[in-house]
Amino acid sequence: MVWVLLLLLAWAVAGAACTRLCLAAVRAAAVDENAGGEHDLTLYEAAFLSGGPGRVADLTMVSMARQRRLVLARTGWATVVDPRGRDEMERSVIGAIGPEGQSRIAPARAAAAAADAVGGLADRLVRAGLAVPDGARTTVAAGVRQVRVAAVAVLALGATALLVPATPDIPRNLVALWFALPLALTLSCLAIARVEVHPYSRWASPAGQRLLGALARHAGGTGDDHTYLTSVAVRGIRAVGEPDLRAAFAHREQYGRD
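Scoring rules and cut-offs
Residues numbered from 1 in each chain as written. Predicted model: local features only at pLDDT ≥ 70, side-chain atom pairs only at ≥ 80, totals over all residues. Heavy atoms only, no water. Pairing = 2+ DSSP bridges. Helix = DSSP H or I, 4+ residues; strand = E, 2+ residues; numbered from the N terminus. Axes fitted to C-alpha atoms, helices over the stretch in contact; angles between N-to-C directions. Buried < 20%, exposed > 50% of the residue type's maximum accessible area, 1.4 Å probe, protein only. Core = buried A, V, L, I, M, F, W, Y, C linked by side-chain atoms within 4.5 Å. Parallel < 35°, antiparallel > 145°, perpendicular 65-115°, else oblique. Contact = heavy atoms within 4.5 Å. Nonpolar A, V, L, I, M, F, W, Y, C, P; charged D, E, K, R; others polar. Phe/Tyr/Trp six-rings, centres within 6.5 Å; stacked < 30°, edge-to-face > 60°. Lys NZ or Arg CZ within 6 Å of the ring centre and 35° of its normal. 1 Å grid on protein atoms, 1.4 Å probe; cavity = no way out; pocket = protein on both sides within 12 Å on 5 of 7 lines; lining within 4 Å. Points joined across faces, edges and corners; volume = space filled by probe spheres on them. Polar contact = N/O pair within 3.5 Å; in protein donor to acceptor, adjacent residues only side chain to side chain.

J.: How would you summarise the sheet that holds strand β3 (residues 102-104) if you had to cite specific residues and measurements?
T.: One open sheet accounts for three strands, arranged β1-β2-β3; its pairing is antiparallel. A strand with exactly one partner marks an edge of an open sheet, and here the two such strands are β1 (70-72) and β3. In this sheet, neighbouring strand axes are inclined to one another by 20° on average, regardless of whether the strands run parallel or antiparallel. Pairing of β1 with strand β2 (residues 77-80) involves three bridges; the strand directions are antiparallel.

J.: Could you give me a rundown of the pairing of β2, with the residues and numbers involved?
T.: Across the two faces of β2 the burial differs, with A78 and V80 buried and W77 and T79 not buried at all. The pairing of β2 with β3 spans three bridges and is antiparallel. Bridge pairing links T79 to Q102 in β3.

J.: Tell me about the nonpolar core, and please be specific about residues and values.
T.: Ranked by internal contacts, the top residues of the largest apolar core, which has 46 residues, are F48, L49, V62, L70 and L72. Ranked by the residues each element gives to this core, the list is headed by helix α2 (residues 43-66), at twelve residues. Residues L7, A14, V175 and L183 belong to the second largest nonpolar core, which totals 13 residues.

J.: Tell me what's going on with the packing of helix α6 (residues 139-163) against helix α7 (residues 172-196), and back it up with residues and numbers.
T.: At their nearest, the axes of α6 and α7 sit 9 Å apart, and the two run at 175° to each other. Judged on the interaxial angle alone, α7 and α6 are roughly antiparallel. On the side of α6, the interface is formed by V144, V147, R148, A150, A151, V154, L155, L157, G158, A161, L162 and L163, while α7 contributes R172, V175, A176, F179, P182, L183, T186, C189, L190 and A193. Here the contact of α6 with α7 is composed, by residue class, of 18 nonpolar, two polar and two charged.

J.: So, the environment of L187: which residues are in play, and what are the values?
T.: Structurally, the position occupied by L187 is in helix α7. Look at L187 and you get partly exposed, because its relative accessible area is 46%. With 37 residues separating them along the chain, L187 and A150 place their C-alpha atoms 9.6 Å apart.

J.: Now, about the packing of aromatic side chains: what can you tell me, with residues and values included?
T.: Overall, the coordinates contain one aromatic pair when judged by the stated rule. Arranged with centres 5.5 Å apart and planes meeting at 65°, the rings of F48 and W203 form a pair that is edge-to-face. A residue pair is termed long-range when its members are at least 10 positions apart, and F48 in helix α2 and W203 in the loop between α7 and α8 (206-216) qualify at 155 residues. The residues F48 and W203 share a single accessibility class, namely buried. The aromatic ring of Y228 is capped on one face by R66, whose charged end is 3.8 Å from the ring centroid.

J.: Before we move on, could you go through the layout of surface pockets and cite the residues and values that matter?
T.: Space inside the second largest pocket adds up to approximately 210 Å³. If you go around the second largest pocket, the residues you meet are A65, R66, R68, L70, V71, L72, V81, E242, D244 and L245. At the level of elements, α2, β1 and α10 (243-249) are the ones that each hand at least two residues to the lining of the second largest pocket. If one sorts the elements of the lining of the second largest pocket by residue count, β1 sits on top with three residues. Of the residues belonging to the lining of the second largest pocket, the class tally is six nonpolar, no polar and four charged.

J.: Give me helix α3 (residues 88-97): which residues, what numbers.
T.: Every buried residue of α3 is accounted for by M89, E90, S92, V93, I94 and I97. Its side-chain oxygen 3.0 Å from the backbone nitrogen of M89, D87 forms the N-cap of α3. Among the residues trailing α3, G98 stands out with phi positive, at a value near 105°.

J.: Go over the side chain of T186 with me, naming the residues and quoting the values.
T.: Residue position: T186 is located in helix α7. Setting aside anything within four residues of it in sequence, one finds T186 in contact with A14, C18, V147, A150 and A151.

J.: Please set out the packing of α3 against helix α5 (residues 116-127) residue by residue, giving values where relevant.
T.: Relative placement of two packed helices is described by the angle separating their axes and the distance separating the axes. Where α3 meets α5, the closest approach of the two axes is 9 Å, and the angle between their N-to-C directions is 145°. Counted together, E88, M89 and S92 of α3 and A117, V118, L121 and R124 of α5 form the full contact between these two elements. Of the residues that constitute the contact of α3 with α5, the class distribution is four nonpolar, one polar and two charged.

Structure representation (C-alpha cells):
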C-alpha cells in the first residue's frame, strides 16, 4: 500500500529531525553544566559572545578610533595613527591593516576577526563553558529548522497519502490519524525547544547568555567610555552614536555582517 510507504517515510523524517534536535539540546546542556562559577566578562569576551569574531574586530576598531589611535573614515578606509597596540587584539587589527598603515576597513576587519588572538579568546570562552564549541555552533538553531522542515514534510506526505486511491478496508480518516502521530512528534519537539532552549544563540552557551543579559542591563549609549564600549560589544555597530563612524563601518557589508 502506497500510504504505508509514505507513513514510514514521514516517521523517518520526523524521527531523524527530532533526534538531531534532542542531541543538540543535550550538548548545549552539557556545555552549561561545565560553565565555571562567577566570571566577569571583559569587553572582548562580551563582544565575542554577542556577535562572534567580527564583533570583536568592530569593538577593537571603535575603541582605537575613540582614543584617536586609529582613523576610520566614512569612505571606508582605516589609517593607523599609533602603531603600538596595547593588547593582542589591537595588534591584530594593526597587523590586518598592513605595514603601510592604511587599508579598507572591510578586509582589515575580516582579517582581524580571523586572527589567532580572536581564536584564542574563543578557546578560553569554550573552556569556561561560556561559548558554544565550534563544532556545535548553531546546532540547536539548525536542529529547530530541521524539525520545522520535517513538520512540513509530514503534512505534505500525509496530503499525498490522502490523494492516492484508498483501499476499501482503510478509511481515509484512519490514514490521516496515522500521519497525525509523526506530526504531533515534530510539533511537540518544537514546543519543548521553544521553552527549554530559546533563544538559540550562535556563540554564547546558556551560561554565557545569562552573563550577557546581566551585562546588557548596564549597557547604554551614553555615559563614560567603558559604558559606551560595553554597549557596542553587546549591540554591535548600531550602538555607535557618531554618524561618521557608522558610515565608515557601512562598507564592511560586502565581507559579511556580524
